[in-house]
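Read off the chains here:
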Amino acid sequence: MTQSLTIRRPDDWHVHFRDGAMLDAVARHTARQFARAIIMPNLTPPVTSIDAARAYRDRILAAVGDAAFTPLMTCYLTDGIDPAEIERGYAEGVFAACKLYPAHATTNSAHGVTDIRALTGVLETLQRIGMPLLIHGEVTDKAIDIFDREAVFVERTLGPLTRDYPALKIVLEHITTAEAAAFVLEADHPIAATITPQHLMINRNALFDGGLRPHAYCLPVLKRETHRLAVRAAAVSGSPRIFLGTDSAPHVVGAKESGCGCAGIFNAPFALEAYLSVFDAEGALPHFEGFASEHGARFYGLPLNEGTVTLVRDAVVVPDRIGKGDTSVVPFLAGTTLGWRFAG
Ligand code: DOR
Ligand code: ZN
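Parameters at a glance
- Numbers given to residues run from 1 along each chain, matching the order in which its sequence is written.
- Both sets of labels track the order of writing: A upward for chains, 1 upward for ligands.
- Only residues with pLDDT of at least 70 get local features here, since the model is predicted, and only at 80 or more are side-chain atom pairs given and counted; chain-wide, interface and lining totals rely on the full set of residues.
- Based on all heavy atoms of the structure, the side-chain values leave hydrogens and waters out of the count.
- By the convention used here, strands pair only if DSSP detects at least 2 bridges between them.
- Helix and strand definitions follow DSSP, with helices as H or I runs of at least four residues and strands as E runs of at least two, each counted in order from the N terminus.
- Between the N-to-C directions of two axes lies an angle of 0 to 180 degrees, each axis being a line fitted to C-alpha atoms and, for a helix, fitted only over the stretch in contact.
- Two residues qualify as a contact provided that any one of their heavy atoms is within 4.5 Å of a heavy atom in the partner residue.
- Salt bridge, as used here, is a side-chain nitrogen of Lys or Arg placed within 4 Å of a carboxyl oxygen of Asp or Glu.
- Buried residues are those whose accessible area, probed at 1.4 Å on protein chains only, stays under 20% of the maximum for their type, while exposed residues exceed 50% and partly exposed ones sit between those limits.
- Seen with its strands pointing away from the viewer, a crossover is right-handed if its path from the first strand over the helix to the second goes clockwise.
- UniProt positions are given in the numbering used here, feature names are shortened, and annotations may be inferred rather than shown by experiment.
- As used in this structure description, the phrase polar contact means that two N or O atoms lie within 3.5 Å; if the pair is within protein, one of them must be able to donate a hydrogen and the other to accept it, and residues adjacent in sequence are counted only when both atoms belong to side chains.

J.: Describe the sheet that holds strand S10 (residues 308–317), and please don't skip the residues or the numbers.
T.: Overall, antiparallel pairing links the three strands, which are arranged S1-S10-S11 in an open sheet. Both edges of this open sheet fall to strand S1 (4–8) and strand S11 (337–342), since each of them pairs with a single strand only. Each strand axis lies, on average, 35° off the axis of its neighbour in the sheet, ignoring direction. In terms of strand pairing, S10 meets S11 through five bridges, oriented antiparallel. Looking at S11, one finds that Val317 is bridged to Thr337. Against the sheet, helix H10 (residues 271–281) makes contact with S1, S10 and S11, and its axis sits at roughly 110° relative to S11, the strand it touches most.

This is the structure we're talking about:
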């Protein structure tokens, strides 16, 4: 049995760092395991300008201290955003990608896009300059069952989008369904997907396991077991279109354990251990490095990282809480034991 695994330093292609005290508390967990991360822009107010992204990047660099970590900033798309600002931000190396939230799809998405079809100028620009469009792929139509919103988005929105913009680089973020996995794996299009640890490890039963479980609530919401298995198969397949994106999304414990609990799972502290346990269980250790350290960089057109990290087979207990006071968060898999330890 493999007792230790050394891979090229990995990247997290989807993370929420927040701001202020929470940023200071959580950023170091990602910087400890990953060389770079795509930083989601859904702050209040959202990051919609080059100046805001530069300032946020500086706050992140201050929060991670002397860790060798590069935050890759994203631009939050709104209905009125100026394509020239996006193009200039990309050319200046401030923006790595744009993030499309359908308005009201999730946390801090009220300023998101109400009609993707109306974004013509932005989409044409992204396609022309080769800048990736990162998509939260759920319809927001309240008439659609919440468990179907991703599959309906794939059919209604993503299919037409790929036909209309055949060279537009797309990352379908945090896929959760067999439909999304099949689309990404099979499309004749430059498209890829990120996958979170939670969508690989638990299904929607976890939301109701002996009672209502707010710490298992994220968006897109967990799906039924058949979907988890399809997403898991995609993750370990070795496809260059599939890569690591934790969607680590910390909310202070009181905002989760509430009459209207926030969506988001904080998985950054044990992210690599969690993913690796999945690849190990699937007999797919040889595909782990591609998923964690190569496919994302190649899709984004960025260099692979130098250096390595090592994980060793060992029992690691995930604590019940991380942080105190305003930054007290319950981590993913709290109280459980993982079979791998990050050794640096
Ligand atoms: O569960 C989620 N939390 N999904 C998202 O799309 C946003 C995120 C957050 O920012 O909390
Ligand atoms: Zn997210």
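Next comes the rest of the description.
J.: So what's going on with the sheet that holds strand S2 (residues 11–15)? Which residues, and what values?
T.: Pairing is parallel across the open sheet formed by eight strands, whose spatial order is S2-S3-S4-S5-S6-S7-S8-S9. Only two strands of the sheet have a single partner each, and these edge strands are S2 and strand S9 (242–244). Strand-to-strand twist of the sheet, defined as the mean angle between neighbouring strand axes without regard to direction, takes the value 30°. Across three bridges, strand S8 (residues 191–195) lies against S9 in parallel orientation.

J.: Explain the pattern of salt bridges to me, using residue names and the numbers behind them.
T.: Oppositely charged side chains may form a pair once their charged atoms are brought near each other. Summed over the entire model, instances satisfying the criterion amount to 13 salt bridges. Glu92 serves as the salt-bridge partner of Arg54, at 2.6 Å between the closest nitrogen and oxygen. With a gap of 38 residues between them, Arg54 in helix H2 (residues 50–64) and Glu92 in the loop between helix H3 (83–91) and strand S5 (95–100) connect regions that are remote in the sequence. Glu92 gets classed as partly exposed once you look at its relative accessible area, which sits at 37%. Of the charged contacts, one joins Arg298 and Glu294 as a salt bridge, the two residues approaching to 3.8 Å between their closest N and O atoms. Here Glu294 and Arg298 lie together in helix H11 (residues 288–300), a separation of four residues that amounts to about one turn.

J.: Describe the pairing of S2, with residues and values.
T.: Across the five residues that make up S2, a large majority, five, are buried. Each parallel crossover has a hand, and the one from S2 via helix H1 (residues 20–33) to strand S3 (residues 36–39) is right-handed.

J.: Give a detailed account of the UniProt feature "binding site: Zn(2+) 1" (unreviewed entry) in the chain, specifying residues and quantitative values.
T.: Sequence positions flagged by UniProt for "binding site: Zn(2+) 1" (unreviewed entry) are, in local numbering, His14, His16, Lys99 and Asp247. Their sequence span is 234 residues, while the largest C-alpha to C-alpha distance among them is just 13.1 Å; these annotated residues converge on one region. By secondary structure assignment, the location of His14 is in strand S2. Not counting chain neighbours up to four residues away, the residues in contact with His14 comprise Ile38, Met40, Lys99, Glu173, His174, Thr194, Gly245, Thr246, Asp247 and Ser248. A polar contact is formed between the side chain of His14 and the side chain of His16, at a distance of 3.3 Å.

J.: Kindly report on unusual backbone geometry, identifying the contributing residues and their values.
T.: Residue Pro45 follows Thr44 across a cis peptide bond; omega there is -5°. With respect to the helices and strands, Pro45 occurs in the loop between S3 and H2. Residue Pro220 follows Leu219 across a cis peptide bond; omega there is -5°. With respect to the helices and strands, Pro220 occurs in the loop between helix H7 (197–201) and helix H8 (225–236). Residues other than glycine seldom take positive phi values, yet Arg18 does so here, at roughly 60°. Mapping Arg18 onto the fold places it in the loop between S2 and H1. Taking the relative accessible area as the measure of exposure, Arg18 reaches 14% and is therefore buried. Even without a glycine there, the phi angle at His104 is positive, about 70°. Tracing the backbone shows His104 in the loop between S5 and helix H4 (120–129).

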